[in-house]
Amino acid sequence: MARPQRWKLLLRASQQEAMLAVSLFNDPGRDRALEGFIIHMHIAWLYAFQSKWLRDVKNYHVLRSERPRRYKQINGERMSQPLEWFVGEEWPAQQSGARANLEFFIKLRNKIEHRHTGTDVALMTVVNGECHSMLLNYEEFVTDFAGVESSLAHRLHFPVFIGGFTDQGKSDLLKLSKSLPKDLRTFLAEYDAGLDDAVSRDPRYCMRLTILLESGNRKGDLSLQFVNDKDLTDEERQVMQKISADKGYVITKQKTVPVSNIGKHRAGAVAKKVSEAIPYRFGASSQMAAAWRKQNWRPSSKSDEPELSVDDLTCRSVYDLTCRCPAGS
């Protein structure tokens with residue numbers, strides 16, 4: 001049998017790196033799982049870019065001079081362009097969710113490799129959405145240029161976990177997210193603040209999953225059904241946005257007696273909790289007011305429909321939507 005073309009061999013190596021990255025990420029007993037995921041996904045993306053360029057007979061080596069045409073070499077081999085270069089070539093426009101996601105992880109890799117090897121678990125809870133997007137962007141990129149037969153969907157499955165499905169798991173995740181070093185929180189805040197609003201909300205930059213637990217055992221149905229936001233009607237989207245306002249929302253069957261404002265906090269108390277969790281000042285009368293206007297948590301005071309306020313807004317959802325925004329934004 002003929003030897004596969006070199007670009008296909010590179011693609012196969014890329015897919016093996018991606019599967020190893022996911023295996024590390026989903027292993028609950030492994031230390032530095034996030035660091036391993038980022039490193040191996042970095043390699044997977046690099047090999048995937050090189051595979052595409054080889055297939056298209058395009059040069060991706062670093063030139064030392066044009067005339068005569070010579071290349072930089074490392075240990076006798078031509079030096080290849082880094083991942084940053086491929087990202088810029090693939091997505092020349094700055095306003096790209098996939099580009100922003102990859103550039104985010106390129107910068108984050110350097111930080112956690114050299115200074116933050118002890119923050120892996122806490123950081124994973126904060127950048128989980130970006131990790132999912134990174135993998136899905138990779139899947140889309142590979143299948144676009146190599147065909148659907150190169151998909152990893154049949155090999156990678158939804159992992160079994162407890163984290164956001166129980167009250168205790170949810171509480172533990174919130175505590176972990178608050179334990180990040182200040183400079184890492186500052187990096188996350190400043191990076192997201194520098195993105196265009198359309199990019200920061202793009203699922204190719206950061207994906208959020210909303211899990212609805214259904215009772216019953218219907219044979220023949222898939223245990224996990226994926227619904228894309230773009231396939232929902234406006235009414236369905238509004239319902240889902242309310243449900244997902246608090247990431248990791250726990251849906252349980254219980255009867256409660258409605259009591260006015262039970263379990264709710266005053267704006268000052270919420271602002272105080274948010275300020276303790278982020279590296280910036282967050283005041284009730286300034287940043288809090290700016291936040292609800294920007295995020296449409298409630299209609300304006302002149303609105304004829306005050307009931308459109310986000311009733312299930314919590315300190316956690318306020319933190320999620322503001323922890324990456326500098327003061328005054």
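What counts, and at which threshold
- Counting from 1, residues in each chain are numbered in the order their sequence is written.
- Residue-level local features of this predicted model are given only where pLDDT is at least 70; pairs of side-chain atoms are given and counted only at 80 or more, and the full residue set underlies all totals for whole chains, interfaces and linings.
- Water and hydrogen atoms play no part in the side-chain values, which are based on all heavy atoms of the structure.
- Each helix is a run of H or I in the DSSP string that is no shorter than four residues. Each strand is a run of E no shorter than two, and both are numbered from the N terminus.
- Here the expected span of a helix is defined as 1.5 Å times the quantity of residues minus one.
- Partly exposed residues are those whose accessible area sits between 20% and 50% of the maximum for their type, while under 20% is buried and over 50% is exposed, using a 1.4 Å probe and protein chains only.
- Residues belong to a common nonpolar core when they are buried Ala, Val, Leu, Ile, Met, Phe, Trp, Tyr or Cys residues joined through side-chain atoms within 4.5 Å.
- Contact criterion: two residues are considered in contact whenever any of their non-hydrogen atoms come within 4.5 Å of each other.

## Some words on unusual backbone geometry
Then, in step 1: Note that the residue after arginine 67, namely proline 68, is joined by a cis bond; omega there is -5 degrees.
Then, in step 2: Structurally, the position occupied by proline 68 is in the loop between β1 (63-65) and β2 (70-71).
Then, in step 3: In this structure, valine 57 is a non-glycine residue whose phi angle is positive, near 55 degrees.
Then, in step 4: As for its placement among the helices and strands, valine 57 is situated in the loop between α2 (33-55) and β1.
Then, in step 5: Despite not being glycine, asparagine 75 has its phi angle at roughly 55 degrees, a positive value.

## Describing α2
Then, in step 1: Compared with an ideal rise of 1.5 Å per residue, which puts 23 residues at 33 Å, α2 spans 33 Å between its outermost C-alpha atoms and is within 8% of the ideal.
Then, in step 2: Taking burial as the measure, the 23 residues of α2 include 19 buried ones, the bulk of the element.
Then, in step 3: Immediately beyond the C-terminal end of α2, within one or two residues, lies valine 57, with a positive phi of roughly 55 degrees.

## Side note on the nonpolar core
Then, in step 1: Formed by 52 residues in total, the largest nonpolar core has its most connected members in Trp45 and Leu108.
Then, in step 2: Within the residue set of this core, elements represented by two or more residues are α1 (6-25), α2, α3 (83-90), α4 (97-114), α5 (120-126), α6 (128-146) and α8 (182-193).
Then, in step 3: When residues in this core are grouped by element, the largest group, 11 residues, is from α2.
Then, in step 4: Other than its neighbours up to four places away in sequence, leucine 108 contacts Ile38, Leu123, Val127, Leu184 and Phe187.
Then, in step 5: If you look at the next biggest cluster of nonpolar residues, it comprises 12 residues, including Val270, Tyr280, Ala289 and Ala291.

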